[in-house]
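Below are the chains, spelled out letter by letter.
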Amino acid sequence: MTCRVRFAPSPTGNLHIGGARTALFNYLFARKKGGKFILRIEDTDIERSTKEFEKSILEGMRWLEMEWDEGPIYQMQRMDRYKAKVQELLDAGKAYRCYCTAQELEAKRQLAMKEGRKPKYDGKCRDLEPRNPSTQERCSIRFKAPTEGTTVVHDICRGDVSFENKELDDLIIARSDGTPTYNFTVVVDDMDMQITHVIRGDDHINNTPRQILLYEALGFPLPQFAHLPMIFGPDKKKLSKRHGAVSVIEYQEQGFLPSAMQNYLARLGWAHGDQEIFTKEELIQAFDLEQVGKSPSVFDIEKLKWVNSQHMLKLSNDEIFDRTVPFLEKRGIKVNDRTMGIKAVTSERERGRTFDELAEISTFYFRDVIEFDPKSKDKWLNDEGKKTLSVLVERLSGIEDFSDHNIGEVFKKLIEETGKKMLDLAQPCRVALTGTTVSPGIYEVMAILGKDAVLNRFKRAIAA
Ligand code: GLU
């Protein structure tokens, strides 16, 4: 049987790290097995679902290059189907109408809490003689769940997880307004879509026994289940906004590569030996649910940046430049000279771990006036430093071909004559040219900037 998996986000927020990881594991699994990856939009929460969130989720999926084979399928368009299935259970005596009011249930809940009992439906309407409600009567539909025995989830990632049936409530499958509830729609959908493997976050594990009972009641074979370990922030608490960006699109905006994001997300809860860096093809080849661990993984932005830097290193200089341009533009920089731009940006490519970082550390090349970092200025643009710069202005002016090599010759000669250390020459230059004391090789920086810019910056630094 071909395997069929699904990603089923609710459009009540953007695609977040956890959701993207779930989508990715489904995607990789489908590709590895030559199966189908289905996208289902669980939009029944009409108060919290929006079209914008849906759009943003699809955008995130596209950015991460997780092409789906079927869908999006919208739950809101399947209401008739759920209603028919609810009726089927009613007719079979496997579900019943519950006439308890919300107030009544709330009062019972409060009492249970007060008495230290676990709040649970007391089954008041469970054995009422079935009848058609009058038009004024409001009732919900409950699933008649078994009260004895054990339901075992055979989970690919977690092993067997057992639930006592008596602990599970008679679940409401349709509210009094007729709308079906989450656990019911998921089961009907997964059945209809012939899902073979339900791969989702660990936060759904408590829903699974209820869903298994519904499968059994509807007479449908069970899919396999795989619950993925949670993702924590560095403080070992569930990943949330407190830990920084949780929305995938924000990482796009910060200049991460989709391939790196995929790579990083795949390693959250899954490992393949010691390998850290994977192409998409390698991920598909290597991925398996059996190698998904049980323990939560920690989202570590520094590690993500490192993975990104490793993926950036594989790009050509042209591509590095093109991907950095939008981030330069964000800083008000328009690059007119492409050849110079490529040299400038790629001179920093080993240091920039994201395109945003790369743009940030390359801006000095493109600004007319650069700002001096105060500490660097105090340390290196002192009388001694300025004297060095004055001598360099004189000597560098004489160079016809302003190349790394020729600039280097000027420096070497000066070191010979003065006995100064390279650092004492280079650092005032760095501050004058870049504003800080960290930059690529100083001859390279100067050659890229060109003679006029270098001399102007030196003169400005001397006057500062
Ligand atoms: N819509 C659910 C969620 O966003 C997913 C349900 C499922 O995967 O079964 O958490």
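Everything discussed here concerns the structure shown above.
This is a predicted model, so every value here is computed, not measured.

1. What about the overall build of the protein?
Looking only at helices and strands, the protein has 19 helices and 12 strands in total. Taken over the C-alpha trace, the protein has a radius of gyration of 32 Å; the compact-globule value for 464 residues is 23 Å, which it surpasses by more than 25%. When its C-alpha atoms are laid out on the principal axes, the protein stretches across 105 × 50 × 35 Å. Split into buried and exposed, the 464 residues of the protein put 50% on the buried side. In the protein, 75% of the contacts between residues at least 6 apart in sequence involve partners at least 24 apart. Just so you have it, the protein exposes about 22,900 Å², and 50% of that area is on carbon and sulfur atoms. Side chains of the protein carry 71 positive and 72 negative charges; the gap between the two charge centres is 3 Å.

2. Describing the site of the ligand
Around the ligand, a shell composed of Arg 6, Ala 8, Pro 9, Ser 10, Glu 42, Tyr 182, Val 186, Arg 200 and His 204 is seen. At 3.0 Å, a side-chain N or O of Ser 10 approaches a nitrogen atom of the ligand. His 204 is positioned with one of its side-chain polar atoms (N or O) 2.9 Å from an oxygen atom of the ligand. The fraction of the free accessible surface of the ligand (300 Å²) that becomes covered by protein chains is 78%. A class-by-class count of the residues in the shell around the ligand yields four nonpolar, two polar and three charged.

3. Some points on helix α16 (residues 404–418)
An ideal rise of 1.5 Å per residue puts 21 Å on 15 residues; α16 measures up with 21 Å between its terminal C-alpha atoms. Inspection of α16 places Ile 407, Gly 408, Val 410, Phe 411 and Leu 414 among the buried residues, and these make up the whole buried set. Summarising the axial view, the buried residues of α16 lie within an arc of 155°, below the 170-degree limit, and thus occupy one face. Of the exposed residues in α16, the ones pointing more than 90 degrees away from its buried face are His 405 and Glu 416. Buried residues in α16 make contact with α15 (383–397), α17 (422–434) and α18 (442–449).

4. Regarding the nonpolar core
By size, the foremost hydrophobic cluster in this structure holds 101 residues, and its most contacted members are Met 61, Leu 396, Met 446 and Phe 458. Of the residues forming this core, the biggest block, nine residues, is contributed by helix α1 (residues 17–33). With residues near it in sequence (within four places) discarded, Phe 458 still touches Leu 389, Leu 392, Val 393, Leu 396, Cys 429, Ala 432, Leu 433 and Met 446. Ranked by size, the runner-up nonpolar core spans 32 residues in total, among them Met 79, Leu 168, Val 187 and Met 191.

5. Digging into helix α12 (residues 338–347)
Counting buried residues in α12 gives seven out of 10 residues, a clear majority hidden from the surface. Among the residues making up α12, those that are buried are Met 340, Gly 341, Ile 342, Ala 344, Val 345, Thr 346 and Ser 347. Check the buried side of α12 and you find it contacts α11 (317–329), α13 (355–366) and α18. A distance of 3.2 Å separates the backbone nitrogen of Thr 339 from a side-chain oxygen at the start of α12, and that oxygen is part of Asp 337.

6. Comments concerning the packing of α15 against helix α19 (residues 451–463)
One way to put it is that α15 packs onto α19 with a least axis distance of 9 Å and a crossing angle of 155°. Between α15 and α19, the angle is such that the two are roughly antiparallel. Our pair here, α15 against α19, has a crossing hand that is left-handed. Residues Lys 386, Leu 389, Ser 390, Leu 392, Val 393, Leu 396 and Ser 397 of α15 lie in contact with α19, whose contacting residues are Lys 451, Val 454, Leu 455, Phe 458, Lys 459, Ala 461 and Ile 462. For the contact of α15 with α19, the residue count by class is nine nonpolar, two polar and three charged.

7. Focus: the packing of aromatic side chains
Applying the stated criterion across every chain, the model contains 10 aromatic pairs. Their ring planes at 50° and their centres at 5.4 Å tell us that Trp 270 and Phe 278 sit as a pair that is tilted. Assigned by exposure class, Trp 270 and Phe 278 land together as buried. Counting every residue linked through ring pairs, the aromatic cluster contains Phe 25, Trp 270, Phe 278 and Phe 287.

8. Some details on unusual backbone geometry
Along the chain, Gly 71 connects to Pro 72 via a cis peptide bond; the corresponding omega equals 0°. Here Gln 194, not a glycine, exhibits a phi torsion of approximately 55°, which is positive. The topology assignment puts Gln 194 in the loop between α5 (182–192) and β9 (197–201). By relative accessible area, which is 52% here, Gln 194 ends up exposed.

9. A look at the sheet that holds strand β8 (residues 172–174)
If you trace the three strands from one edge of the open sheet to the other, you get β4-β5-β8, paired in antiparallel fashion. The sheet terminates laterally at β4 (95–98) and β8, the two strands that pair on one side only. Between one strand axis and the next, the sheet turns through 45° on average, direction left out of account. Alignment of β4 against strand β5 (residues 140–143), held across four bridges, turns out to be antiparallel. For Tyr 96, the partnering residue across the bridge sits in β5 and is Arg 142.

10. Observations regarding the pattern of salt bridges
Evaluation of the coordinates by the stated rule reveals 39 salt bridges. We note a salt bridge from Glu 104 to Lys 124, for which the minimum N-O separation is 2.7 Å. A residue pair is termed long-range when its members are at least 10 positions apart, and Glu 104 in helix α4 (residues 102–114) and Lys 124 in the loop between α4 and β5 qualify at 20 residues. We note a salt bridge from Arg 131 to Glu 137, for which the minimum N-O separation is 2.9 Å.

Procedures and definitions
Residues numbered from 1 in each chain as written. Predicted model: local features only at pLDDT ≥ 70, side-chain atom pairs only at ≥ 80, totals over all residues. Heavy atoms only, no water. Helix = DSSP H or I, 4+ residues; strand = E, 2+ residues; numbered from the N terminus. Rg over C-alpha atoms; globule rule 2.2 N^0.38 Å. Buried < 20%, exposed > 50% of the residue type's maximum accessible area, 1.4 Å probe, protein only. Contact = heavy atoms within 4.5 Å. Areas by Shrake-Rupley, 256 points an atom, 1.4 Å probe, with all protein chains shown as cover. Lys, Arg positive; Asp, Glu negative; His and termini not counted. Charge placed at Lys NZ, Arg CZ, Asp CG, Glu CD. Near = heavy atom within 4 Å. Polar contact = N/O pair within 3.5 Å; in protein donor to acceptor, adjacent residues only side chain to side chain. Nonpolar A, V, L, I, M, F, W, Y, C, P; charged D, E, K, R; others polar. Expected span 1.5 Å × (residues − 1). Arc of directions from axis to C-beta. Core = buried A, V, L, I, M, F, W, Y, C linked by side-chain atoms within 4.5 Å. Axes fitted to C-alpha atoms, helices over the stretch in contact; angles between N-to-C directions. Parallel < 35°, antiparallel > 145°, perpendicular 65-115°, else oblique. Left-handed = near helix turned anticlockwise from the far one by under 90°. Phe/Tyr/Trp six-rings, centres within 6.5 Å; stacked < 30°, edge-to-face > 60°. Pairing = 2+ DSSP bridges. Salt bridge = Lys/Arg side-chain N within 4 Å of Asp/Glu carboxyl O.

This is a description of form; function is not addressed.
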